[in-house]
Amino acid sequence: MPLIQVKDLYKIYQMGNTEVRALDGVSLSIEKNEYVSIMGPSGSGKSTLMNLLGCLDTPSSGDFYMDGINVATMTDNELAHIRNKKIGFVFQTFNLLPKSTSLRNVELPLIYNGEVKAQFRKDLAMKALNRVNLGDRVGHKPNELSGGQRQRVAIARALVNDPAIILADEPTGNLDSKTGEEIMALFDDLHALGNTIILVTHEEYIAEHAQRIVRLLDGKIAVDELTKKKKK
Amino acid sequence: MYVRTVFKTLGDSFLMAIEAIRDNLLRSILTLLGIVIGVFAIISVMTAIRTMESSINSGLNIFGSDIIYVQKSPVLQIGDNSNRRKYWKRPNITYEMSIELRDRMEGAKFVSVLDGTGGKTIRYRKEKTNPNVEVDGMDEWGIQALNVTLDYGRNFIKEDIQYGRRIALLGMDVVEKLFPYADPIGKSITVNGLSFDVVGVMQRKGEMFGQSQDNYVLIPITTYLQYFSQRWTSLGISVKAPDAESFEAVKQEVTDQMRIVRGLGPDEENDFEVTSNDALIKTFGSFTAGIKLFAGAVSVIALVVAGIGIMNIMLVSVTERIKEIGIRKAIGATRNNILFQFLLEAVFLSLIGGIIGVALGVGVGNMITLVFTSIETVIPLDWVFIGLFVCSFIGIVFGIYPAYKAAGLDPIESLRYE
């Protein structure tokens, strides 16, 4: 069974008298350890799909299985737990807590996990920070770090609960191209280590890091193709 | 399952609340201030009253236990002065009346007659006291009625009273002043040019309200009336009940017999006052109750205002931290996690304010009473707990809406919020 299986997913917003079909029957499956880019112009439903895949939102109709669990009908609390344990988010604007240290930021998902005892949290957070080569920046707050370092803290935070998928939304959008490449190299490494990665981007060269590109248009999947990297 | 997770993360919500307060220190302090003032108001007043009460409860035992006290006007007149003239116009209580009451009383252990006058200078040879010594006239039961104890020497006896002997018992202040090195027994002191032989010395009683209670000379009541009484002298009569059980009955008997002694008709109201320690404490209690009520009202208003302040700040805080809430939700915080975080923050703010208010209140309350008395400090523990409980309550009541608002935020919109 695929890690993510989406079938006939609809997300319909009512805006005044007009009905907006943000997702108009999307079916998609993603296997474990796949590296997928989702692309599309603004208004194509890219963000909506990413919110649904990230369990931040529920669809109007359709099935959504993650790791064999039907997420489409879950309550807010259940979704919070899925987000905590199955999904690691990486955002364009990093979204770190500005007044907390790197270590504290990375520790946060473990706190909401509720199953990790307090004395193990620091070790796990340290391990995650070491994995992104930030072991020497644990006591720094986000404003004491460069953009690339902030994004690496965010990636460490995404990894710390050992999630089923890493969901990255324009992870290089706020970084210069050199730092962006470093971050992408980190994602490539994580993929090589067996992680499943979904990348939302509108940059063709960033999308090329993945093995597969799903292109959305008007709420529907227009193209679902393998990249050169995979073909090789 | 989710409830359990919330409890597991409660300790962390705790830490997060502290972090949030620390991160917004100035704002937190300003918010605390209202609570501090409210709690301070009630605790300082309660502490002051409590210390006064404890000193008065012990201090008012001037009559000794189970003593009923009869005199022309009330012992304590607090507030209303309109009756003063009425009391003044009552006929004086004479020695003859007191003897008649003594003869009529059947249930009393003793009936003692007392009066006193202040501002006397006591001399012994070249030594003299300041002109502030109290001279009290009393009979053989007087030391029990006055709740003082003979240290050495002898008490007055029936014949001393009968013959109006010029003898005296001395308080410790007078002894120290006039007889620093000698034994006063048998020596002859003079008051107003009259000589008195010292027959006994009283034990030290200590201070009350910063005043010594040992600066006195006791002489037989008959002698007193002969040399010190004035046109307006009205005696006080102390009646001792045999035990606590018969106290109320004896009190009633005293009132009934005194009406006969005073020759009152059935329609006339008492032209004398019957008091006891409990009655005095009650009088004082009704006086402090007013102050307590006022302090309570001020505190309630201050705390409600402070609570609204907390709510206001928490609402601002929620708006300011929408993004943070979004991030927390994205990485797995449940509604309850967020709810508890913000609720605890509000409770913490008010509790810290409460603790500061209690500390200040106890400190200042004790300082106020220290000005009047030299008694030891009091911490009104019950009010401390009530204060802290009320603070937590206010934190919850005024924190729940902002916390609920924070918990209900949509994660996607919060994340997008700039």
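Every value quoted in this text rests on a predicted model; they were computed, and no experiment measured them.

Parameters and conventions
- Residues numbered from 1 in each chain as written.
- Chains lettered and ligands numbered in written order.
- Predicted model: local features only at pLDDT ≥ 70, side-chain atom pairs only at ≥ 80, totals over all residues.
- Heavy atoms only, no water.
- Helix = DSSP H or I, 4+ residues; strand = E, 2+ residues; numbered from the N terminus.
- Buried < 20%, exposed > 50% of the residue type's maximum accessible area, 1.4 Å probe, protein only.
- Areas by Shrake-Rupley, 256 points an atom, 1.4 Å probe, with all protein chains shown as cover.
- Contact = heavy atoms within 4.5 Å.
- Phe/Tyr/Trp six-rings, centres within 6.5 Å; stacked < 30°, edge-to-face > 60°.
- Pairing = 2+ DSSP bridges.
- Axes fitted to C-alpha atoms, helices over the stretch in contact; angles between N-to-C directions.
- Parallel < 35°, antiparallel > 145°, perpendicular 65-115°, else oblique.
- Left-handed = near helix turned anticlockwise from the far one by under 90°.
- Nonpolar A, V, L, I, M, F, W, Y, C, P; charged D, E, K, R; others polar.
- Buried area = accessible area lost by both parts, 1.4 Å probe.
- Salt bridge = Lys/Arg side-chain N within 4 Å of Asp/Glu carboxyl O.
- Polar contact = N/O pair within 3.5 Å; in protein donor to acceptor, adjacent residues only side chain to side chain.
- Core = buried A, V, L, I, M, F, W, Y, C linked by side-chain atoms within 4.5 Å.

Describing the overall build of chain A
Within chain A, the regular secondary structure consists of eight helices and ten strands. Counting only residues that meet the buried cut, chain A has 54% of its 232 residues in that class. In the form shown here, chain A has an accessible surface area of approximately 10,100 Å², with 48% of it arising from carbon and sulfur atoms.

Some thoughts on the overall build of chain B
Looking only at helices and strands, chain B has 15 helices and 14 strands in total. Sorting the 418 residues of chain B into buried and exposed places 50% on the buried side. Within chain B, contacts between residues at least 6 apart in sequence are counted, and of these 77% link residues at least 24 apart. Summing over all exposed atoms, chain B offers an accessible surface of approximately 20,300 Å²; the carbon and sulfur share of this is 60%.

A few points about the packing of aromatic side chains
For any pair of aromatic rings, the description rests on two quantities: the centre-to-centre distance and the angle between the ring planes. Residues and elements named next belong to chain B. A complete count under the given rule lists five aromatic pairs over all chains for this structure. Ring geometry for Phe110 versus Trp141: centroids 6.1 Å apart, planes at 5°, classification stacked. You can see Phe110 sitting in strand β2 (residues 110–120) and its partner Trp141 sitting in the loop between β5 (133–138) and α6 (142–145), a full 31 residues away along the chain. Taking the relative accessible area as the measure of exposure, Trp141 reaches 24% and is therefore partly exposed.

Description of the sheet that holds strand β6 (residues 87–90) of chain A
Residue and element names in this part refer to chain A. Strand order in this open sheet of six strands is β6-β7-β8-β3-β9-β10, and the pairing throughout is mixed. Across the chains shown, the open sheet's two edge strands, defined by having one partner strand only, are β6 and β10 (220–226). Across this sheet, the average inter-strand angle for adjacent strands is 20°, counted without regard to direction. Note that β6 and strand β7 (residues 165–169) share four bridges and pair parallel. Bridged to Gly88 within β7 is Ile166. Strands in contact with helix α5 (residues 147–159) are β6 and β7; relative to β6, the strand with the most contacts, it is inclined by about 170°.

Here we look at the packing of α5 of chain A against helix α6 (residues 177–192) of chain A
To describe two helices that pack against each other, one gives the angle between their axes and the distance between the axes. All names here are of chain A. Remark: α5 packs on α6, axes separated minimally by 10 Å, with the N-to-C direction vectors making an angle of 20°. Taken together, the axes of α5 and α6 are roughly parallel relative to one another. In the packing of α5 onto α6, the handedness of the crossing is right-handed. Taken together, the residues of α6 that come into contact with α5 (itself represented by Gly148, Gln151, Arg152, Ile155 and Leu159) are Thr179, Ile183, Leu186, Phe187 and Leu190. For the contact of α5 with α6, the class distribution of residues is six nonpolar, three polar and one charged.

A closer look at the packing of helix α11 (residues 277–320) of chain B against helix α14 (residues 381–407) of chain B
Residue and element names in this part refer to chain B. Between α11 and α14, whose axes approach to 9 Å, the crossing angle comes to 30°. Our classification of the angle between α11 and α14 gives roughly parallel. Between α11 and α14 the crossing geometry is right-handed. Note on element contacts: α14 touches α11 through Val390, Ile394, Phe398, Tyr401, Pro402, Lys405 and Ala406, opposite Leu303, Val304, Gly307, Ile308, Met311, Met314, Leu315 and Val318. In terms of residue class, the contact of α11 with α14 is built from 13 nonpolar, one polar and one charged.

Quick word on the interface of chain B and chain A
Each partner contributes to the interface: chain B provides 27 residues, whereas chain A provides 27 residues. Taking both sides of the interface into account, the surface hidden between chain B and chain A amounts to around 2,500 Å²; carbon and sulfur atoms contribute 58%. Our count for the chain B to chain A interface comes out at two salt bridges. In this structure, Arg335 of chain B engages Asp76 of chain A in a salt bridge whose closest nitrogen and oxygen atoms are separated by 3.7 Å. Linking chain B to chain A there are five residue pairs in polar contact (both at pLDDT 80 or more). Mapped onto the side of chain B that touches chain A, the elements with two or more residues apiece are α1 (2–8), α2 (10–23), α12 (322–330), α13 (335–372) and α15 (411–416) of chain B.

Examining the sheet that holds strand β5 (residues 69–70) of chain A
Strands in a sheet are paired, the pairing made by backbone hydrogen bonds, and the direction either parallel or antiparallel. Residue and element names in this part refer to chain A. The antiparallel open sheet is built from four strands, whose spatial order is β2-β1-β4-β5. Each edge of the open sheet is held by one strand with a lone partner, namely β2 (18–30) and β5. Taken together, the two bridges between strand β4 (residues 61–66) and β5 define a ladder with antiparallel strand orientation. Across the sheet, the residue bridging to Tyr65 is Asn70, located in β5.

Description of the nonpolar core
In terms of nonpolar packing, the biggest core is built from 76 residues, with Ile4, Leu53 and Phe64 of chain A touching the most fellow members. The element best represented in this core is α13 of chain B, accounting for ten residues. Beyond its immediate chain neighbours, meaning those up to four positions away, Phe64 of chain A contacts Ile4, Gln5, Val6, Leu9, Leu52, Leu53, Cys55, Ile69, Asn70, Val71 and Ala72 of chain A. In this structure, Tyr69, Leu194, Val201 and Tyr216 of chain B belong to the second largest nonpolar core, which totals 41 residues.

Considering the pattern of salt bridges
Counting across every chain of the model gives 29 salt bridges over all chains. Where Arg204 of chain B meets Asp173 of chain B, a salt bridge forms, and the shortest distance between an N and an O atom there is 3.3 Å. With Arg204 of chain B in the loop between β9 (194–202) and β10 (207–208) and Asp173 of chain B in helix α8 (residues 172–178), this pair connects stretches of sequence that are 31 residues apart. Within this structure, Glu19, Arg21, Asp24 and Lys220 of chain A form a network of salt bridges that share partners.

Side note on the pairing of β10 of chain A
All names here are of chain A. Direction of pairing for strand β9 (residues 212–217) relative to β10: antiparallel, over a ladder of six bridges. Its bridge partner being in β10, Arg212 is matched across the sheet by Leu226. Between β9 and the antiparallel strand that follows it, β10, lie two residues; Asp218 among them carries a positive phi value of about 50°.

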